[in-house]
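Per-entry structural report
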Amino acid sequence: MKTNHRTIHREDYTEPDYYTPEIRMSFELNPESTLIRSVLSVERNKSKQHSPLVLSGECMKLIEVSIDGKKLKNGEYTVNDRELVLSIDADKAEVTTLVEINPSENTALEGLYMSGSMFCTQNEPEGFRRITYSIDRPDNMTRYTVELIADKKNYPVLLSNGNRISETELPGGKHSVIYVDPFPKPSYLFAVVAGDLDRISDSFNTRSGREIELNIYSDRGNADRCFHAMESLKKAMKWDEERFGLEYDLDTYSIVAADSFNMGAMENKGLNIFNSSYVLAAPETATDSDYLGIESVIAHEYFHNWTGNRVTCRDWFQLTLKEGLTVFRDQEFSADVQSPTVNRIMDVDSLRADQFEEDAGPNSHPVRPDNYIEINNFYTRTVYEKGAEVIRMIHTILGEERFMGGMKLYFERHDGRAVTCDDFVDAMQDASGIDLSVFRRWYGRAGTPVLCVDGSYDTEKKAYTLKLRQQNSDRRYPPDAEPLHIPIKIGLLYDNGEADLPNEGLIHLMENEQTFIFNNIKQRPALSVNRGFTAPVKVKSGHSDDELRFLFANDSDSFCRWDAGQSAALKSLRSAVEAFNRGSGAVYPDSLLQAYGSVIEDKNIDNSFKALALLLPSEQLICQEMNPVDFEAVHAARRSLKSAVAHNFRDSLLKLYQELEDDSAYSPDMESIGRRSLRLRCLEYISELNSGESIELCKNHFLNAGNMTDSIGSLRVLAGIDSPVSLECLSIFREKWQDNMLVMNKWFAVQAASSLPGTLDKVKQLEMDSAYNVKVPNIVRSLLVTFSRNQLRFNSQRGDGYRYIAEKIKEIDPINPSMSSMLAGSFKMYGRLDEARRLEMRKALEDVLAGPGLSKNAYEIVSKTLGMNK
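Residues numbered from 1 in each chain as written. Predicted model: local features only at pLDDT ≥ 70, side-chain atom pairs only at ≥ 80, totals over all residues. Heavy atoms only, no water.

1. Some remarks on the sheet that holds strand 14 (residues 163-170)
Sheet architecture is open: eight strands sit in the order 6-5-9-3-2-12-15-14, paired in mixed fashion. Of all the strands in the sheet, the pair left with one neighbour each is strand 6 (70-71) and strand 14. In this structure, strand 5 (residues 61-67) lies alongside strand 6, joined through two bridges in antiparallel fashion. From the neighbouring strand, Ile67 faces strand 6, where its bridge partner is Lys70. (Pairing = 2+ DSSP bridges. Helix = DSSP H or I, 4+ residues; strand = E, 2+ residues; numbered from the N terminus.)

2. Quick word on helix 5 (residues 381-398)
In a regular helix each residue adds 1.5 Å, so 18 residues correspond to 26 Å; helix 5 covers 25 Å between its end C-alpha atoms and thus fits that length. Within helix 5, the axis deviates most sharply at Gly387, by approximately 25°. Counting buried residues in helix 5 gives 16 out of 18 residues, a clear majority hidden from the surface. (Expected span 1.5 Å × (residues − 1). Bend = angle between axes of the 7 residues up to and from the residue. Buried < 20%, exposed > 50% of the residue type's maximum accessible area, 1.4 Å probe, protein only.)

3. Concerning the packing of aromatic side chains
All told, the structure shown has 32 aromatic pairs when counted by the stated rule. Between Tyr379 and Tyr384 the ring centres are 6.3 Å apart and the planes differ by 50°, which places this aromatic pair in the tilted class. With respect to burial, Tyr379 and Tyr384 carry one shared label: buried. Ring geometry for Tyr410 versus Phe424: centroids 5.1 Å apart, planes at 85°, classification edge-to-face. Remark: Phe424 occurs in helix 7 (residues 421-432) and Tyr410 occurs in helix 6 (residues 400-414); sequence separation between them is 14 residues. A single burial state applies to Tyr410 and to Phe424, both of which are buried. Within the aromatic cluster, the residues linked to one another by ring pairs are Trp239, Phe244, Tyr248, Tyr253, Tyr302, Phe303 and Phe333. Above the face of the Tyr13 ring, Arg314 is positioned so that its terminal group lies 3.7 Å from the ring centre. Between Arg679 and the ring centre of Tyr657, over which it is positioned, the NZ or CZ distance is 4.0 Å. (Phe/Tyr/Trp six-rings, centres within 6.5 Å; stacked < 30°, edge-to-face > 60°. Lys NZ or Arg CZ within 6 Å of the ring centre and 35° of its normal.)

4. Considering the sheet that holds strand 4 (residues 53-56)
If you walk across this open sheet you meet the three strands as 4-8-7, and the pairing is antiparallel. Each edge of the open sheet carries a strand with a single partner, namely strand 4 and strand 7 (78-79). Bridge count for strand 4 against strand 8 (residues 83-86) is four bridges, and the pairing is antiparallel. The partner of Ser56 across the bridge, within strand 8, is Glu83.

5. A word on helix 25 (residues 835-850)
When the terminal C-alpha atoms of helix 25 are compared, their 22 Å separation across 16 residues agrees well with the 22 Å that a helix rising 1.5 Å per residue should span. If you follow the buried residues of helix 25, they end up packed against helix 13 (631-648), helix 23 (800-812) and helix 26 (856-865). Sitting at the head of helix 25, Asp834 places a side-chain oxygen 3.2 Å from the backbone nitrogen of Ala836. (Contact = heavy atoms within 4.5 Å. Polar contact = N/O pair within 3.5 Å; in protein donor to acceptor, adjacent residues only side chain to side chain.)

6. Notes on the nonpolar core
One finds Phe27, Leu86, Phe403, Phe424 and Phe518 to be the most contacted residues of the largest nonpolar core, which totals 160 residues. At nine residues, helix 5 tops the list of elements feeding residues into this core. When sequence neighbours within four positions are dropped, the list of residues in contact with Phe403 reads Phe244, Phe328, Ile391, Ile394, His395, Leu398 and Met428. In this structure, Ala576, Leu614, Ala646 and Ala806 belong to the second largest nonpolar core, which totals 123 residues. (Core = buried A, V, L, I, M, F, W, Y, C linked by side-chain atoms within 4.5 Å.)

7. Topic: the packing of helix 18 (residues 724-737) against helix 19 (residues 741-752)
How two helices pack is summed up by the angle between their axes together with the distance between the axes. Running from N to C, helix 18 and helix 19 point in directions that differ by 160°, and their axes come no closer than 9 Å. When the interaxial angle is binned, helix 18 and helix 19 end up roughly antiparallel. The two elements helix 18 and helix 19 meet at a crossing, and its hand is left-handed. Packed against helix 18, whose contacting residues are Leu730, Phe733, Arg734 and Trp737, the element helix 19 presents Val743, Met744, Trp747, Val750 and Gln751 at the interface. Each residue belonging to the contact of helix 18 with helix 19 can be placed in one class, and the counts come to seven nonpolar, one polar and one charged. (Axes fitted to C-alpha atoms, helices over the stretch in contact; angles between N-to-C directions. Parallel < 35°, antiparallel > 145°, perpendicular 65-115°, else oblique. Left-handed = near helix turned anticlockwise from the far one by under 90°. Nonpolar A, V, L, I, M, F, W, Y, C, P; charged D, E, K, R; others polar.)

8. A short note on the pairing of strand 9 (residues 92-101)
The element strand 9 is extensively covered by neighbouring structure, given that seven of its 10 residues are classed as buried. The pairing of strand 3 (residues 34-44) with strand 9 spans 10 bridges and is antiparallel. Along strand 9, the bridge assignment pairs Leu40 with Val95. Both strand 5 and strand 9 contribute to a ladder of six bridges, which runs antiparallel. Looking at the pairing, Lys61 lines up with Glu100 of strand 9.

9. Examining unusual backbone geometry
Across the junction of Glu124 and Pro125, the peptide omega takes the value 0°, indicating a cis bond. Here Pro125 shows up in the loop between strand 11 (118-122) and strand 12 (143-151). The residue after Asn627, namely Pro628, is reached through a cis peptide bond having omega 5°. Assignment of secondary structure puts Pro628 in the loop between helix 12 (619-623) and helix 13. For Phe533, which is not a glycine, the phi torsion comes out positive at approximately 55°.

Remember that the coordinates give geometry; whether it matters functionally is a separate question.
Shown next as structure tokens:
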């Protein structure tokens, strides 16, 4: 396939030839024909001479252009489908353009588009160039004055960034609103919203005594589902003042919920636009996970006001500068207001299942990438979640006090500027006096490091010797590549407690191999390593089954206690996979089963932790050490262990399930969430009994559910059971919720995730459902993306799952390239498939590449998967 998609390299960065310190914009909003007049105050970069002014612009019609009031004729400028080029003689000039765009046809949902009847924008990373001709790059900081003109009846609410300074009634039933944003910002943070919207309002008093007006906007009829989001916002504002000393800076803070949105949310200065799934919540329509997710994402976007907006990234290679840091901040917030133990375990479990897989796949990249074809493809788990772990390691190395000193210096140096990851590390290093030169290698290293651990005890010397060795898992680096700085917390556990260790057991691995000796250790200890998951590494500890069981029962570090249980289960599950490959049945050690039984029957374990401890390692985790992967054997092994636990502890599970029943009103507090989570975990195990009694129990749980957590949780269990009861309950759910799209997305997802043999045919049928709409990202994610992550059914030996998703990529790519590239990422296990599956996947992907006009979004992912673009 011939392509002109250009690769952009970090090392080629140069400053802009021009800046636009001020822009005045006027929008005449119409769904089919919006007119936008932009007046750009242009200043030449003094270090650049005699360069033309190149303005980015796509998917628009240029009506006129003028320089310093003089209208240009054809031939006095150059314009194509990507840019407008002008000759500027002076160091300063005023450039005016008038363009026309069609928001209703903008299905890519980048720039200005229609979400239902609402005008909405999404400009990160490069959507602004679909609105007007501009210097659309993050290191061009601009102050905006924006006028919005629209029909008042259809669009009574007109919003943009900053402070509203006037509203004027106009002839013909129109009105005009003008906004001024006093803070310079890059174009990706620009936002416009217009519509007939509901609103809830509140206020927040800052620590300096300022009163901030808070608004959340939604489609008509949804206002009563915005109150949890408002409480989450106020909680985040208070936390950021107390923990980081950061206060909000505008007079108004607004959030808008949009049904059609490619991302989760966007931190536009003072006007956040959210996917409605991360705003709207009521007990009957939202799950516990939805409530917690809303709280976390509301906080994340608010925290961006300083870590992303006031200090932004110089170029898109520095994306983790704002995203990794802000994910770390929202994780710390969630740990403080929810549960530190549960949140840390869930964050790490997600990182291992998804980001570690990303690190091992064809699209692996460092947290600060070196090159890209389409920057939209780098909004990844690596940039976000691994980027947060990099920040967490800095926090661990420096400690809370010195880390906060580094944050203070970072803001003092760079407020109002666009900077790099190195600038952030420089602030941390200069404020703390700690050398981070070796640590910086994390920013340029792809792959997940492997930490090999070998411990020994000298009885006579009462000394414990710990040998650590780090290995690169990415084949792009030599075995003796420069070592990373890996901070590791360890514990040495006696039978009746924990040995005292200096510095809370924190050690620094800064060579490829190092030895650490701990004296005055009274007896042979059990080693607890990577406590709290201080580093995003894979640990090879060589722990015996007995040692893992001891840690699972006794480790004072909750993360390591949970992790020991996961490690013990993984060892047995991988042995079971080998047994299935040999054609024999799996046999699980009595000690492992008894460990699960002990958890079930232990009255002293917190419900939330117990639910996590009883969650078996995912199929994704079981697969990670396999090449080639036998998906059928992996699925069979996991089901057989779940079945063995269920049959061995049937009575205990049923008893616990009944004890957890609670008829009180729904509450999203952590205690109630833990109870519901554990009760549903019991139901999952009970369903493995595969009896009429167990199916009836699942049905009754569904029919008697008083909230969406119990309703969709039990339906998810039923969707994996081949029974008329399951079909009945799925039909009941659809009939009840067919007019609520957010709830219907859950209905699509539970069926697409089913392990039943007819799942692909079911997904095809669901495409025909009247609720399905290929142009709505939430629906596509719920059905197609969920199926593409269904390891068993997507990776069918026949290759029909591959062919189906390949066809969907070709169908969706002209509509929404961001969604097609997300689907293309589903083929990441290409290099670890058996020969037959690899051939089927290759044929499917080659068919995608052979199609006409493939977007650079999908092209980059597919070509890298096939090894064509390294």
